[in-house]
2 protein chains.
Amino acid sequence: MPEPADFLFVHAHLFTMEGDGVGYIEDGAVAVRSGRIIDVGPSTALSTRFVATEVIDASHHALLPGLIDAHMHTPWAVVRGVAQDVAHWMQKGLAPYARHLHREAALAGAWLNVLEALKAGTTTLGDYAHPIEGWADVFAAVGVRAVLTATINALPPGQMANWGIGELYPLDDVVGEQSIRQAVDFAAEWHGAEDGRITVMYGPQGADMLTLDQLRHVKRLAAAEGLMLHMHVAQGDREIDQMLKRYGKRTPAFLEQIGYLDDQLLAVHLTEATEDETAQIAYSGASMVLCSGSIGIIDGIVPPAVAFRSAGGLVALGSDQAAGNNCNNIFNEMKLTAIFNKIKYRDPTVLPAWQVLRMATIEGAQAIGMGDEIGSIRRGKKADLILVDLHALNLMPVLTAPIRNIVPNLVYAATGHEVDLVMVDGRILVREGRVLAVDEAAVREEVQQRAQEVADAVKRDPVHLDMALLQAMEEGNL
Amino acid sequence: MPEPADFLFVHAHLFTMEGDGVGYIEDGAVAVRSGRIIDVGPSTALSTRFVATEVIDASHHALLPGLIDAHMHTPWAVVRGVAQDVAHWMQKGLAPYARHLHREAALAGAWLNVLEALKAGTTTLGDYAHPIEGWADVFAAVGVRAVLTATINALPPGQMANWGIGELYPLDDVVGEQSIRQAVDFAAEWHGAEDGRITVMYGPQGADMLTLDQLRHVKRLAAAEGLMLHMHVAQGDREIDQMLKRYGKRTPAFLEQIGYLDDQLLAVHLTEATEDETAQIAYSGASMVLCSGSIGIIDGIVPPAVAFRSAGGLVALGSDQAAGNNCNNIFNEMKLTAIFNKIKYRDPTVLPAWQVLRMATIEGAQAIGMGDEIGSIRRGKKADLILVDLHALNLMPVLTAPIRNIVPNLVYAATGHEVDLVMVDGRILVREGRVLAVDEAAVREEVQQRAQEVADAVKRDPVHLDMALLQAMEEGNL
């Protein structure tokens, strides 16, 4: 007697990501019921075992776990492309826009970025932003899985553009306390919301951006509530400079001292971490987020993810911010991660395709503490799945022996546009490349209008005269 | 009295690539007649000046010169993704496939690669391959602009897989002479064909792959016919090792000695060239092709294009071979080129977006000796044009002041799928992302079938047991 299923995917090139490799099953099938994967195996077996409400023929498609983007700042998508190719991108590129990123603009950015990522196969979005009203609702409305981190800092708002390069920036106790309260309220409201589809982390923005007492306070809160700490760590010479001036210590040693280095920490970037510091953080049980695209563009640096993994740490991928990445697409991050590290070590065997695919799926899930629920295709896990069209010209031909070329082509040739179908929690959100439940045209219009408002405000604000890219404008290079 | 035009593009974000920058014209227009650009300017002016058979509303689109891919090996697309993540990719990855790449398979690869590149906005394809019957016909049939180089070498066919690492490989006089004759015949048949849309270069494959006499012979032929020499130069430690063992000289010094270093040379890769050697080649007037993706993947190296440009040389971009790039897409190459070099120099200001866009257009055209005909949008030039949809989510929003974000987003965020329309020689080849005159489904089917034949033959050939990726297969990583 066949069992009922909501969906039965059949005839896929199935990459379960179970085991130590990619867990390939030829002519594979996956059965889904009530938001969960209820069986995985050969199509012949599952076709007789289940009667599904919908059978999805996945011939010529790769069926993969949904991709995980562990670190984004979605509101910044509304000013995509205004802060790259310059030194001091934050102060000389982003800051004038930060002053004028009003609430509606930030929300438009979130909408834009969430749809962009979703269409490119990202099912879990680790977003990091000020918890403005309506922010989490975007993820709830679209139906993606979200791990939301409300930014906690003690930086007086709107001042970033005034930071002198090399001077200590001011920390304001009152701003910091308010920021912590907001984060606590946000966690109370949203952690576990949408049937568990939305969860929360605590987000001290950086060791340089809160007072010492506040950093300790946030750590106690997170420990008490069992939430992870999502934090930028050693993210640039700017941060290291601030830490040395404020505490006489580099970030990793400082974090060790205040008890931050443990398996509750999700450490983002490590741009400036030495090999020893990297190993120290990995040994502590903390995980790392690697943002290859953004750090490559804004710093010209390849963060120490290979060293972190060698020390036994888990690494997730993140697309960071679109002002200077300039896209939020895990296919892009997989490719850049694999090649950047080959270049860093001058060795083509470093980070082969399958390893970065693991970082984007099962290893990423483990890094953010969700390895039991998502990241691989296994009975009992949540049904976060994507289908990638292997008949896209740039992914053809499909060969399975003696060398199977699918994973290398997914990593080095796919762009994200080949994603046909995206399922989250057993619900199909994207089909034939279209987001089903959202009016994309309306989002486009809103994004353009809000972005224009921000740009107009920046143009009226004299602080924009200090932007590094103004010279490129004057010289006719933009 | 308005003048007639075949096409009038209006309301574009027009990047002419004229002058030293990107030559932006807001609300720009381009008139095309008989395959040539006949006027360029503001939409208001051209709308009254011309009556066109078709007016194309380019609102929300970037209008750019067609992109130039100066170095491809299209037949290899038929085995996309079989030779990456390994050391000695040529011998341990590609070679077993090279033995079985029969004519129909090579042609299927050419079809696949030409369509892939065309859809991603490449209008000029610099292909390099054995001049099998039917190869040039692919470019003629599709309607793209092609610069074809028939490979000249003295390597006994099918032997590559037997090359011992570090041993001199054999050169066969008869093979070399036959190869030269084929190239001469090919040039006679195809140079200037299709109303000049197809031109030819001479292609001594590498200084290590022909005898000294043959290298001199080819140089004389090219000089007499006024054709460029398209050659792999210092392309890997393999080549340098061969040159030292055969002639006691590294490649650049050897080429200097035999009179190859002049403005007739298009030098590909320079992977192993020192700063001094790079400058020496640039000073000679030779141009360079930079294949960031393929060299990043197969060697983990960033070739010295920045040094080459600093020494006054011209650099074109190339996508090389899909066996190990794994895609042939100049948007991909622009992005990788910009970021790889920021990483190489640990400086985010190195190779800003506009410079790599110039390499993909006007500088690339100049590098291949076609700067007077293509590469920018100027009255009198050939009408090779592309429209890129700026309302694709990953390219939104479109901002024009105080910072215009279009060029950075084209370089860092576009994937090539945003290309809506492609025109070559005043003829529209791609519209709404579809190739008009080609049956794509038939190409897909042919590619898959021929690729399978090659893979099956490789599997039967014991030489495949030496492939590096077999271990990854056995370990479940592919």
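Residues numbered from 1 in each chain as written. Chains lettered and ligands numbered in written order. Predicted model: local features only at pLDDT ≥ 70, side-chain atom pairs only at ≥ 80, totals over all residues.

1. Remarks on the relation of the copies chain B and chain A
Here comes step 1: If you rotate chain B by 180 degrees and push it 0.0 Å along the axis, it lands on chain A with an RMSD of 0.0 Å. Accordingly, the operation relating the two chain copies is best matched by a two-fold axis. For chain B, the smallest separation between a C-alpha atom and the rotation axis is recorded for Thr415 of chain B, amounting to 3.1 Å. (Least-squares fit on C-alpha atoms with pLDDT ≥ 70 in both.)

2. With respect to the confidence of the model for chain A
Here comes step 1: Looking at chain A as a whole, its pLDDT mean stands at 97, while 100% of the residues score no less than 70.
Here comes step 2: Prediction confidence for the complex, expressed as pTM and ipTM, is 0.98 and 0.97 respectively. (pLDDT = per-residue confidence, 0-100.)

3. What to know about the interface of chain B and chain A
Here comes step 1: In this assembly, 80 residues from chain B lie in contact with 80 residues from chain A.
Here comes step 2: Contributing elements (two or more residues each) for the side of chain B that touches chain A: helix H3 (103–119), helix H10 (292–299), helix H12 (330–345), helix H13 (353–359), helix H15 (406–412), helix H16 (440–460) and helix H17 (470–474) of chain B.
Here comes step 3: Sorting elements by how many residues they give to the side of chain B that touches chain A places H16 of chain B first, with 7 residues.
Here comes step 4: When the residues that make up the side of chain B that touches chain A are grouped by side-chain class, the tally is 45 nonpolar, 22 polar and 13 charged. (Contact = placed C-beta atoms within 7 Å. Helix = DSSP H or I, 4+ residues; strand = E, 2+ residues; numbered from the N terminus. Nonpolar A, V, L, I, M, F, W, Y, C, P; charged D, E, K, R; others polar.)

4. Overview of the environment of Glu18 of chain B
Residue and element names in this part refer to chain B.
Here comes step 1: Residue position: Glu18 is located in the loop between strand E1 (3–15) and strand E2 (24–33).
Here comes step 2: Sequence separation between Glu18 and Ile362 is 344 residues, and the spatial gap between their C-alpha atoms is 8.0 Å.
Here comes step 3: If sequence neighbours within four positions are ignored, Glu18 has contacts with Gly23, Ser376 and Arg378.

5. A closer look at the pairing of strand E8 (residues 145–152) of chain B
Residues and elements named next belong to chain B.
Here comes step 1: Among the 8 residues in E8, 8 count as buried, and that is most of the element.
Here comes step 2: Residues Arg145, Val147, Thr149 and Thr151 of E8 are buried on one face, and the alternating residues Ala146, Leu148, Ala150 and Ile152, pointing to the opposite face, are buried as well.
Here comes step 3: Strand direction decides the pairing type here: strand E7 (residues 122–129) and E8, joined by 6 bridges, are parallel. Across the sheet, Thr124 pairs through a bridge with Arg145, a residue of E8.
Here comes step 4: For the crossover from E7 across helix H4 (residues 135–142) to E8, the handedness is right-handed. (Buried ≥ 20, exposed ≤ 12 C-beta atoms within 10 Å, placed from the backbone. Pairing = 2+ DSSP bridges. Right-handed = clockwise from strand over helix to strand, strands pointing away.)

6. Considerations on unusual backbone geometry
Here comes step 1: Residue Pro402 of chain A follows Ala401 of chain A across a cis peptide bond; omega there is -5 degrees.
Here comes step 2: One can find Pro402 of chain A in the loop between strand E14 (385–389) and helix H15 (406–412).
Here comes step 3: Look at the link from Met396 of chain B to Pro397 of chain B: it is a cis peptide, with omega at -5 degrees.
Here comes step 4: As for its position among the elements, Pro397 of chain B is in the loop between strand E14 (385–389) and H15.
Here comes step 5: Non-glycine residue His60 of chain B carries a positive phi angle of around 60 degrees.
Here comes step 6: On the secondary structure map, His60 of chain B appears in the loop between strand E4 (50–57) and strand E5 (61–65).

7. Quick word on the pairing of strand E7 (residues 122–129) of chain A
Every other side chain in a regular strand lies on the same face of the sheet, so the side chains alternate between the two faces.
Residues and elements named next belong to chain A.
Here comes step 1: Within E7, 8 of the 8 residues are buried, leaving the element largely enclosed by the surrounding structure.
Here comes step 2: As paired strands, strand E6 (residues 67–72) and E7 are joined by 4 bridges and run parallel to one another. Each residue of the ladder has a partner; that of Ile68, found in E7, is Thr124.

8. Topic: the nonpolar core
Most often, soluble globular proteins have nonpolar side chains that are buried together.
Here comes step 1: Ranked by internal contacts, the top residues of the largest apolar core, which has 376 residues, are Val30, Val78 and Val114 of chain A together with Val30, Leu63, Val78 and Val114 of chain B.
Here comes step 2: Taken domain by domain, the makeup of this core includes at least three residues from each of domain 1 (3–65 + 375–435) and domain 2 (67–367) of chain B.
Here comes step 3: If near-sequence neighbours (up to four positions away) are discounted, Val78 of chain A is found in contact with Ala105, Ala106, Ala108, Gly109, Leu112, Val447, Arg450, Ala451 and Val454 of chain A together with Pro397 of chain B. (Core = buried A, V, L, I, M, F, W, Y, C linked by C-beta atoms within 7 Å. Domains from an automatic or database assignment.)

9. Examining the environment of Val315 of chain B
Residue and element names in this part refer to chain B.
Here comes step 1: Its location among the elements puts Val315 in strand E13 (residues 315–317).
Here comes step 2: Residues Val315 and Asn162, spaced 153 residues apart in sequence, show a C-alpha to C-alpha distance of 35 Å.
Here comes step 3: Leave out the neighbours within four places in its chain, and Val315 touches Met288, Leu290, Ala305, Phe308, Arg309, Met359, Glu363 and Ala367.

10. Some words on H3 of chain B
Residues and elements named next belong to chain B.
Here comes step 1: The end-to-end C-alpha distance of H3, which contains 17 residues, comes to 24 Å, matching closely the 24 Å that a straight helix rising 1.5 Å per residue would cover.
Here comes step 2: Taken across its 17 residues, H3 has 15 buried, putting it largely inside the fold.
Here comes step 3: Positive phi appears at Gly121, one or two residues downstream of H3, with a value of about 90 degrees. (Expected span 1.5 Å × (residues − 1).)

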